[in-house]
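# Structural description and commentary
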Amino acid sequence: MRTLRALPQPGFALSVKPHVQYGGISYTHFSTAQARTTYVLGEFPWQVRHGESVVAKDYVAPPKILSSESTTSETTWSLGEYVSGAEIWQAFKLPGAAPKPSGVFANQPSPMVQKSKELWRLSGTFLLAALAVLLAGYVFSSDTQVFSESYRYRAGAQEASFVTPVFDLKGRTTNVEVSTKTGLYNNWIYVNYTLINSDSGQAWDFGREVSYYAGRDSDGAWTEGSTGDTVTIPNIPAGRYYLRVEPELAPGTSNMDFTVDVRRDVPRSSWFWLIAFLLLIPPVFTTYRRFSFESQRWRESDYAPSGGGGD
């Protein structure tokens, strides 16, 4: 600790905690206590008297702390900085290792502050890179509709399945998006699809269920499901293709109108949101630990929920 030669100035604060400014740093009030001198040993930059009482106030800006001691006649301000046990052990060349700190001291610096800043910066950098790739995908993807046709399926038809006309997938190997659109209401339809290369016979099987229900109960109107469905098949080579379609209606349904759309080279964003979620886990977790550290610090102050700290 060293005595100040200039007085700190009152600082502006949006919180209930008073602030003071010194040396371009804002210090937050931590605690106020009544201190009484019961024993004196060593050197002091002021005259210390046995039995003297002072009002002590601490303001913190970790790792620094401003302290004032006020009597009826004067106020002395001091500036201190947190020193870890390991540094003290090394400075005095003490044997063994310093004991681990218990709790969090008023001006003890949080080890999570710098780490959380670095993680947020790294996550932001990678997120910007991923966003650039996502935008490039939207710019350079052709997103071309290669087939669209509407059908009416009637229950009891002798042959439920049918094949579509052949359509071309041109260019590079890319994804194919198959959409099923219906006019469903409180009903469902299941469609088994097979995408087939007309030249090689290579096939991709997939089934899709579309269902939509709506109604009203004591809580108001509700809906469940959707009248349409979209599925993406990755890495489909260029070539000539057709779809084999086999619909299945809900029991009691006589017929159903539906439309089948096929698009190629469709930009996808699901991978971006997954990467964003994974990238945010480390900085969010570290920030949580940072706030937990600060919560421990302020539990020892005048602003603790239980009213901890000195009066």
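First, a word on what this report is: a plain description of the structure on this page. Within any chain, residue numbers begin from 1 and follow the written order of that chain's sequence. Predicted model: local features are reported for residues with pLDDT of at least 70 only, side-chain atom pairs are reported and counted for 80 or more only, and whole-chain, interface and lining totals are derived from all residues. Processing note: side-chain calculations cover all non-hydrogen atoms of the structure and skip hydrogens and water entirely.

## Things to note about the overall build of the chain
When its secondary structure is counted, the chain shows 3 helices and 17 strands. Our radius of gyration is a C-alpha quantity, and the globule rule it is checked against amounts to 2.2 Å times the number of residues to the power 0.38. Against the globule reference of 19 Å for 311 residues, the chain gives a C-alpha radius of gyration of 36 Å, more extended than a compact globule. The burial tally for the chain puts 32% of its 311 residues in the buried class. Partitioning the intrachain contacts of the chain with sequence separation of at least 6 by distance along the chain shows that 67% fall at a separation of at least 24. Each accessible area is a Shrake-Rupley result for a 1.4 Å probe, and residues are judged covered by the shown protein chains and nothing else. Element-wise, carbon and sulfur atoms account for 55% of the exposed surface of the chain, whose accessible area totals about 19,600 Å². His is not counted here, nor are the chain ends, while Lys and Arg score as positive and Asp and Glu score as negative. For the purpose of locating charges, the reference atoms are NZ of Lys, CZ of Arg, CG of Asp and CD of Glu. The distance from the centre of the 28 positive side-chain charges to the centre of the 29 negative ones in the chain is 8 Å. The way it works is that DSSP assigns letters per residue, a run of H or I at least four long becomes a helix, a run of E at least two long becomes a strand, and they are numbered from the N terminus. Summary of the burial criterion: residues with accessible area below 20% of their type's maximum are buried, those above 50% are exposed, and those between are partly exposed, where the area comes from a 1.4 Å probe applied to protein chains only. In this analysis, two residues are considered to be in contact whenever any of their non-hydrogen atoms come within 4.5 Å of each other.

## A closer look at the pairing of strand β6 (residues 64–70)
Judged from the 7 bridges that link them, strand β5 (residues 53–61) and β6 form a sheet pairing that is antiparallel. Bridge assignment links Y59 to a residue of β6, and that residue is L66. Hairpin geometry of β5 and β6 is characterised by an intervening segment of 2 residues between the two adjacent antiparallel strands. Pairing geometry for β6 and strand β7 (residues 75–81), over 7 bridges, is antiparallel. Each bridged residue has a counterpart across the sheet, and for S68 the counterpart in β7 is W77. At least two DSSP bridges between two strands are needed for those strands to be called paired.

## Brief notes about the packing of aromatic side chains
In this analysis, rings of Phe, Tyr and Trp, with Trp reduced to its six-membered ring, are considered paired at centre separations within 6.5 Å, and the interplanar angle assigns stacked below 30 degrees, edge-to-face beyond 60, and tilted for intermediate values. For the structure shown, the criterion picks out 11 aromatic pairs. Their ring planes at 45 degrees and their centres at 5.1 Å tell us that F30 and W298 sit as a pair that is tilted. Residue F30 is found in strand β4 (residues 25–36), and its partner W298 is found in helix α3 (residues 270–298); the two are separated by 268 residues along the sequence. Seen in terms of ring centroids, Y193 and F206 are 5.4 Å apart; in terms of plane orientation they differ by 25 degrees. Their pairing is stacked. In this pair, Y193 is assigned in strand β12 (residues 187–197) and F206 in strand β13 (residues 203–217), connecting sequence segments 13 residues apart. When its relative accessible area of 0% is taken as the criterion, Y193 is described as buried. Three or more aromatic residues joined by ring pairs form one cluster here, namely F30, W298 and Y303.

## Digging into α3
In an α-helix there are 3.6 residues to a turn, and that puts residues three or four apart on one side. By definition here, a helix of n residues has an expected span of 1.5 Å times n minus one. Between the first and last C-alpha of α3 there are 41 Å, a value that for 29 residues agrees with the 42 Å anticipated at 1.5 Å per step. One fitted axis covers the seven residues ending at a residue, a second covers the seven starting there, and the bend at that residue is the angle between these axes. Where α3 bends most, the angle comes to about 35 degrees, and this point is I281, followed within four residues by the proline P282. Looking at α3, one finds that the buried residues are F272, A276, P283, T286, T287, F293, R297 and W298. Contacts made by the buried residues of α3 are with β4, β5 and α2 (112–140).

## Details of the sheet that holds strand β11 (residues 174–182)
The strand order across the open sheet formed by 4 strands is β8-β17-β11-β15, and the pairing between neighbours is antiparallel. Two strands bound the open sheet, and with one partner strand each, they are β8 (144–154) and β15 (228–236). Within this sheet the neighbouring strands show an average axis-to-axis angle of 15 degrees, counted without direction. Of the pairings in the sheet, the one linking β11 to β15 comprises 7 bridges and is antiparallel in character. Across the sheet, K181 pairs through a bridge with G228, a residue of β15. The angle between two axes is taken between their N-to-C directions and runs from 0 to 180 degrees, where each axis is a line fitted to C-alpha atoms and a helix contributes only its stretch in contact.

## A look at unusual backbone geometry
The step from P62 to P63 runs through a cis peptide bond, and the omega angle for that step is 10 degrees. Note on placement: P63 falls in the loop between β5 and β6. A positive phi is found at K93, a non-glycine position, where the angle reads about 50 degrees. You can see K93 is positioned in the loop between α1 (85–91) and α2. When its relative accessible area of 72% is taken as the criterion, K93 is described as exposed. Phi at N235 is positive, roughly 55 degrees, even though this residue is not glycine. As for its placement among the helices and strands, N235 is situated in strand β15. Accessibility expressed as a relative area gives 59% for N235, which makes it exposed.

## Digging into the side chain of T259
Within the element layout of this structure, T259 appears in strand β17 (residues 255–264). Reaching out from T259, the side chain makes a polar contact with the side chain of S150 at a distance of 2.8 Å. Contacts of T259, omitting those with residues within four sequence positions, involve S148, E149, S150, S179, T180 and K181. In the analysis that follows, any N or O atom pair within 3.5 Å is treated as a polar contact, provided that within protein one partner can donate a hydrogen and the other can accept it, and provided that, for residues neighboring in sequence, both atoms belong to side chains.

Taken by themselves, the reported measurements are silent on function.
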